[in-house]
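Spelled out, the chains give:
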Amino acid sequence: MDDSYLQQQLQQDELSDDDNAAPDMQEEEEIAEKEDPFKLALDDLEGRVAIAINDVKCHPGVRSSGGLPVHEELATMLRPVVEVAAHTAPSIARSYYSGGPDGVEVSCDEVYDRVVSDLVLPFMLEISQSDTIPAKRSASLEFFHNFWTECQKAGSWLDSSIKGAGQGQYFPPNLGPYGSGSTSGHSSAAATTTPVLRAQQKRRTQKRTVHESEILRYWIKAASYCTVPGVFTSNVSEDAVSSRGVIAASASLRPALRHICRKIQDADDKGAVKLYIPCMKMVEGVFNKLFATESGEGVRSACLKFLEIVAVCCSSRGQSDSRRRSKAQNSRDFSIEDLPEGHPIITREALESIAEYAMSTLRGLVTMGGQVKIDNNLMSDVMVINDGLPSTSVVNILKPAALSYLALLESSIAVDEDQQLEMNIGRSNAEYEFMLSQKSYSLAINAVSMLAVNRPDFFEEAATCLARRAADPPVQAADSSESGLSKSGSLAVTAHLKATCLTLLRNPLSVTRLGSEILHKALVKHEMTQQADKALAMARQAAALKTAGRAARNRAQMFYEWDASEQTDKRTSKRSRETDDALSKMRAAKKARGLGNGIQLPSSLVDAVELILLNLKHLPSSRPTGGANKNRKRPITFDYVVDAVMTNGASLAEDEGRWYERDGGNCWVLETGDGDTHNKQYSYKLDEKILLAAEIGQDKTKKVAKEEISDKNAAEELPKIFRTQCQTAASQALNRILKTTTASHDNGMIDFGNQVAAKLAWTLRNVKPSSDLKISQEIASESIHRVGSKVLGEQKKSVASSPENECEGGKENNLTGIDLPGLEKFVEEYPLVAACLAKDLTPNLGATSSTLSLNQPSTISNPSHTLATSVLNEAYMQSCDSPRDVKKLDYLKAFDIFAATVVYSSDQANSKANDAEKKRVATLGTSAITQDLGILPYVPPSSLRFLAGLCDIEGITKKALEAGRKSSSQTIAASAAINAGKMSAEKRATAALVAIRDVAFQRSKIETRRAAVDCAVSIAAGLIPSSSTVEDKALKLVMNVLFPKNENLRALVVEAAISSLERAAEYSIRNYDKIKQAKKTKSSNKDQEQGAAMSDEEKAAIEKVKKPTLLFMALCVREPDMMKQLMQQTCRPQADLLSTAVRESMPKLTRALAAKHGSAAIALQVAELAGEDEIPMLLAFLDNLTPVGDRNLPQEDLIEACYKIQESKISGEGEQDPRFIIPVVTGIKRVDLEKKLPEFVLADDNIFMAALEQMGSRLTRHALIYRDEPDEENPVLTGMTLCEIFVCLHRMDFTSAGIPQKRYLDAVRLCLEDEEIFTDTVVREALDYISGTFLAEDVNLPLAYMRTIILTCSKHESLHNWICHMLLPRLIEGKVYSDRRQWEGWMRCARMLETAGVDGIQDAINKLPPEQLELYRTKYPPQ
């Protein structure tokens, strides 16, 4: 809004207002080309990442008001970092590399080092280890997980998918950002034997391994830092961060171990140890959280899950069960079989010991219901080992916990095998480190069960543990030590144990691993004998099938198939039944007509011939009656059969006249004359049948027609068929010309072909396009329908519509200049013209990003040779040669169709951001039409309205915002594609604005320039849908380019802005009743005050009218005289919406006007423009013109200007309106305000209270003080404090000022009733000051003083004690009884307090002199 601000934006934007704008833009492009695009893109990536990380660091760590939860909010803020680091960065490296085949590796290394290695990973690690807000630490841990996942996807840093590998072939893998790995000049055969490419693959694989190791190392360090105890003083914060750290450790353990194995396989022992040591430290930190520290339930549950993962990763898969697993499962799983042997530190034995103790610990937790107390003093010498290996510290934590359980187990199990379920563990006498809750107990049971199924070596131990615990389940009792479980928790754990035992018993491993007996006994004890028997039978059958013969396995498979088919045949779905019924009816109908499924011959040729010969024997001897058509147009001859065979049956549905569709170019006969080889004469002529059809088609009345054709109907149809065939031939000839032109690389040939095609398209009227051009014609028709309907619909819905325009469609079209029915009729009349206009904008449906340039060379790549340009040029030349207006209208309609097609292609690209072909077509189409606007001789105004549709990118902008949120279902790669589509859409919108600018500058016809200005103003005012970014650019275009260019454009801009403001006012008036009703419904809620809340309808309506208002205000800064129209439209009756929008933006407007024209000058100028009806808006303008802040007082010139305005706006009764000086009362001297105070008292109550509030608004800190003038002769104090207002109001000589006494007393009463401004403290200080001057300076009390005290007693109970102890005795000391009226008030006040029973009032009364005391008691006897 501010002029200086707009100028700064102008310098940064490409929409320059210089006369040589195009050369400036060209120079900027040349400068940009000289700069390295790779460096610019890399700097941009670093800037985006730094901004996002800085926003996270500055985040307070609490949920924003009305927003997402804090964790989702932080994840949303970090999503751009993941997107840039994982996808955008490698994409930039692939796009901007230079220097040959190895240049991509150099660029990838530089991008990875600067963006990922030096920026993202260190800063995220810093947040995870040093940030004091738990939510930020949790967000950083989640970032590492998301980043690791995204880096595995195609095209990212850790992508290792191999593309193109075949038998005996070698292709470098698509390793992250490197692409295909080979140059386009190498063939596949060369790639199989090129040693350079093999070395390249090895080098890239090593770099990928280095990147993977670095990311894992940062991830593990971040998880380890979050498990360190004592970071936070609050237990809640400590547990929150620790639980997230354990979850991160669980997610990173398997990838780290797999990476360590690859390091060992590559003989990189040092690299393996470099990652193995922090991995073991992370495991140690998690186990310390579980056993060595007191943690919350959330942390303990996460630790138990981590303990399960450690046991799985460090144990063996056991049987050959891995053969039955899928490759995906094997790739995610890890066991000690995956660890190569031979490493001196990372050994299988070390990991196996960790798994054994982890399994024993889990068994102990399930059996005991918690962790048994560990006696470290007794067992430390036996358990602790110091051999310096990284895994030893983990074993030293797990070993005491495991052995403490095993010691209890050894002493509690009976020796007899039949008594193996019985355990004599004294749980009530045992001491525990911690007890398990229901959630953690369930996790422990699931962990033991999972280990039993996936690690068969642990099955027997796990089954025995679960069976014994199921036989002796946890019980809730008053004296039970198992205080971690409630009654419902105990029942839930018991049910979980029984279900787990039944599941394990059903597994074949229970038979092969000797665990079925104890599981069966445990279930029988719970009266589940039938279920146990069935489960055991299934396990035995499955185990037997593993070693059974083929026949047994086949029988079992057949049984299962029959069982499945029986279930499948039960079609109970209603939709399935309806579909079957419909299919049955269709088959029956076909059979009734003798069709069936047609003649289905066997696939074998021998069988087919035998079938045909067999059926020939059964043919009837005579033709069936009724089968032949006596009226057949062509007799069945040998030619008839040949035509049917050659055309694959197409000629059966055609008459003799359809010569082109059947024969095409073969209808021409080439005749060779006599002569030698060099002098032979060649001639072409049509076949005799074709000549006959042509002759009949030209004149059906000729004798030959009647003689040759006996059927009159055939004679009438042949001319129509002949003309149709000629049109088909012409259409296909045009199609061949376009194909030849498209395939050419010669600009001259392209230009010539387009000119010929354009002339043919306009000549061949009502000729339908061929199949190749049919799609283009349909696109043109669809473009007119959709884009035209959208434009007219926007007009109807926007603030531009009015009641009369809504009733008549013609008036709507006149507003936009678009004749939608005329365009549709034009497409039907000139289908080839419409197809040619949309030909270059037709997407290649089979094209991909890698085949676009090969499969579809487009003439639109050179806009000077476009087919659409040639068609428009031909139309304009025909309109110049023809005096008829029809040809001129044809040119206008063709231009509108081309513009609509361009907008339609842009809309299609916005709707499908991932479609590269549609994006390409939209970009090239926008480039073509923007250049055509400068080349073609005339631009229709309606085409500019179509062109403005390129700015409608609101849909893809919302998609980009939605994709940036964490709750979005879009992947990060899809989000990056949507953001790229949004950027392309913004570039197309900017190109449209530049084209509108050029049309406004370069065209001479006033209607064209007016249309261009109207489009720019409509976009800036929000009348044409667009995004906020495009609206800002349009506003800069209007304000900084069009408006200051020259007087003509300035007048057009002002005219368009006034029109948009008038439409906004009409919209506000029409919606007045609707908004009023919605507001009444909103405020009828008892929980809300009347009128306090704004309804949703009102908010939406205000947003609609706000944009035209902002544009008009921006113009008011340049042309202050336009303030008259602003005030007139705003003050129209029932235009409340517009008034609200203007008042909301008034502060910006006044600041900009004051900065450019001066406060006093603009105030006087606007006041002169304002009429009687615009007084409310003038007052709002003056109020916002006053500086804001306690130290920014109004200047003297502004105060004098307000005085002049007050004098100039005298009412009809000759009275001055005090409202004009209210905005500047804070800058008026106090002595002058005392003189103006009677004017405010005589005014309306609202005006009076507004003036008092404004006087003290800048002196709130001194509200309780009555200031003294430093120099009475030269007063300098400005404004009035609330205390001074109250004192001066009492001291005012209302009689001399002509104020009625009733009005004077009402003014005091109004002050007392407004408790928000004149609080009890303010009233007390004012009364105290008046009483002090009365006592010290021997002045009379004001007339209303005692009345004010009485009102204060009834209003403020908090001042009763002060009045009794301070005020009333002080008045007695000042001899208040000497004034009869004041003395009467004193006695009434004392009696009121005495009646209320206030303590201390008797002391005040007793201080009266005897005579006055007697008078008081005489009038008011004691109660």
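Quick look at the overall build of the protein chain now. Within the protein chain, the secondary structure is distributed over 62 helices and 4 strands. Here the protein chain, with 1423 residues, has 48% of them falling under the buried criterion. In the protein chain, of all internal contacts separated by at least 6 residues, the share reaching a separation of at least 24 is 71%. About 71100 Å² of surface is accessible on the protein chain, with carbon and sulfur atoms providing 51% of the total.

On to the packing of aromatic side chains, then. Evaluation of the coordinates by the stated rule reveals 18 aromatic pairs. With a centroid separation of 4.2 Å and 20° between ring planes, the pair formed by Y1266 and Y1329 is classed as stacked. Of this pair, Y1266 sits in the loop between α54 (1245–1255) and α55 (1282–1291) while Y1329 sits in helix α57 (residues 1320–1336), and the two are 63 residues apart along the sequence. Residue class for Y1266 comes out buried when judged on its relative accessible area of 15%. Relative to Y1420, the ring of Y1416 has its centre 5.5 Å away and its plane inclined at 50°; by these criteria the two rings are tilted. Here the two residues Y1416 and Y1420 agree in accessibility, since each one is buried. Sitting over the ring of F1001, K1045 keeps its end group 4.9 Å from the ring centre. Note that R1291 overlies the ring of Y1266, its terminal NZ or CZ placed 5.9 Å from the centroid.

What the rule picks out here adds up to 55 salt bridges. The salt bridge partner of R262 is E212, with a shortest N-O separation of 2.2 Å. On the criterion of sequence distance, the pair formed by R262 in helix α9 (residues 235–265) and E212 in helix α8 (residues 195–226) is long-range, its members being 50 residues apart. Overall, the relative accessible area of 32% leaves R262 in the partly exposed class.

Taken together, the side chains of L605, V609 and L613 make up a nonpolar region of the molecular surface, amounting to roughly 300 Å² of accessible area. Structurally, the position occupied by L605 is in helix α24 (residues 605–616). Looking at L605, the relative accessible area reads 66%, which means it is exposed.

Next up on the list: the nonpolar core. Core analysis: the largest hydrophobic core is formed by 217 residues, its most contacted members being F1248, F1318, I1349, I1363, L1371 and W1386. The dominant element in this core, judged by the number of residues it contributes, is helix α45 (residues 1047–1070), at 11 residues. When neighbours within four sequence positions are excluded, W1386 is seen to be in contact with M1346, L1368, L1371, I1372, V1376, A1404, I1405 and L1408. Membership of the second largest hydrophobic core comes to 140 residues, among which are V111, L304, I346 and I374.

Under the 1.5 Å per step criterion, the end-to-end length of helix α5 (residues 103–130) is 39 Å for 28 residues, consistent within 8% with the ideal 40 Å. Most pronounced at D113, the bend in α5 amounts to some 35°.

Turning next to unusual backbone geometry. Peptide bonds are trans in most cases, and residues, glycine excluded, mostly fall at negative phi. The backbone of E527 sits at a positive phi, close to 60°, despite the residue not being glycine. By the secondary structure assignment, E527 is in the loop between α20 (516–525) and α21 (529–547). You can call E527 exposed: its relative accessible area is 71%. One non-glycine residue, Q1134, lies in the positive phi region at around 70°. In this structure, Q1134 sits in the loop between α48 (1123–1130) and α49 (1136–1157).

On to a negative patch on the surface. On the surface, E337, E349, E352 and E356 cluster together to form a negatively charged patch. Residue position: E349 is located in helix α13 (residues 348–368). Classification of E349 by relative accessible area gives exposed; the value is 56%.

Quick look at the confidence of the model for the protein chain now. Looking at the protein chain, pLDDT values average 78 and 75% of them are 70 or higher. Confidence drops under pLDDT 50 across residues 558–579; counting only partners more than four residues distant or on other chains, this segment forms 5 contacts. Predicted confidence for residues 590–598 stays below pLDDT 50, and this span has 4 contacts to residues more than four positions away or in other chains.

Before going further, it helps to examine the side chain of T741. Relative to the helices and strands, T741 resides in helix α29 (residues 712–743). Within the structure, the side chain of T741 is placed 2.8 Å from the backbone oxygen of I737, a separation counted as a polar contact.

This part covers the environment of E297. Note that E297 resides in helix α11 (residues 297–313). Between the C-alpha atom of E297 and that of L436, which follows or precedes it by 139 residues, the distance is 8.6 Å. A polar contact is formed between the side chain of E297 and the side chain of S437, at a distance of 2.4 Å.

Turning our eyes to something else, we now look at the packing of helix α6 (residues 134–151) against α9. Following both chains from N to C, one finds α6 and α9 inclined at 10°, their axes separated by 9 Å at the closest point. When the axis of α6 is compared with that of α9, the two are roughly parallel. Touching P134, R137, S138, L141, H145 and W148 of α6 are S237, A240, V241, R244, G245, A248, A251 and P255, all from α9. Considering only residue class, the contact of α6 with α9 consists of 8 nonpolar, 4 polar and 2 charged.

A few words on α54. For α54, the complete set of buried residues consists of I1247, F1248, M1249, A1251, L1252, Q1254 and M1255. If you follow the buried residues of α54, they end up packed against α53 (1230–1242), α55 and α56 (1301–1313). Capping the start of α54, D1244 holds a side-chain oxygen 3.1 Å from the backbone nitrogen of N1246, two or three residues further along.

Moving on, we get to the packing of helix α50 (residues 1159–1169) against helix α52 (residues 1196–1208). Put simply, α50 and α52 touch, their axes get as near as 8 Å, and they point 15° apart. Classed by the angle they form, the pair α50 and α52 counts as roughly parallel. Seen along the crossing, α50 lies across α52 with a hand that is right-handed. Across the interface between the two elements, S1159, A1160, A1163, L1164 and A1167 of α50 pack against D1197, L1198, A1201, K1204 and I1205 of α52.

Calculation criteria
- Residues numbered from 1 in each chain as written.
- Predicted model: local features only at pLDDT ≥ 70, side-chain atom pairs only at ≥ 80, totals over all residues.
- Heavy atoms only, no water.
- Helix = DSSP H or I, 4+ residues; strand = E, 2+ residues; numbered from the N terminus.
- Buried < 20%, exposed > 50% of the residue type's maximum accessible area, 1.4 Å probe, protein only.
- Contact = heavy atoms within 4.5 Å.
- Areas by Shrake-Rupley, 256 points an atom, 1.4 Å probe, with all protein chains shown as cover.
- Phe/Tyr/Trp six-rings, centres within 6.5 Å; stacked < 30°, edge-to-face > 60°.
- Lys NZ or Arg CZ within 6 Å of the ring centre and 35° of its normal.
- Salt bridge = Lys/Arg side-chain N within 4 Å of Asp/Glu carboxyl O.
- Patch = residues over 30% accessible without salt bridge, like charges linked within 9 Å, V, L, I, M, F, W, Y side chains within 5 Å.
- Core = buried A, V, L, I, M, F, W, Y, C linked by side-chain atoms within 4.5 Å.
- Expected span 1.5 Å × (residues − 1).
- Bend = angle between axes of the 7 residues up to and from the residue.
- Lys, Arg positive; Asp, Glu negative; His and termini not counted.
- Charge placed at Lys NZ, Arg CZ, Asp CG, Glu CD.
- pLDDT = per-residue confidence, 0-100.
- Polar contact = N/O pair within 3.5 Å; in protein donor to acceptor, adjacent residues only side chain to side chain.
- Axes fitted to C-alpha atoms, helices over the stretch in contact; angles between N-to-C directions.
- Parallel < 35°, antiparallel > 145°, perpendicular 65-115°, else oblique.
- Nonpolar A, V, L, I, M, F, W, Y, C, P; charged D, E, K, R; others polar.
- Left-handed = near helix turned anticlockwise from the far one by under 90°.

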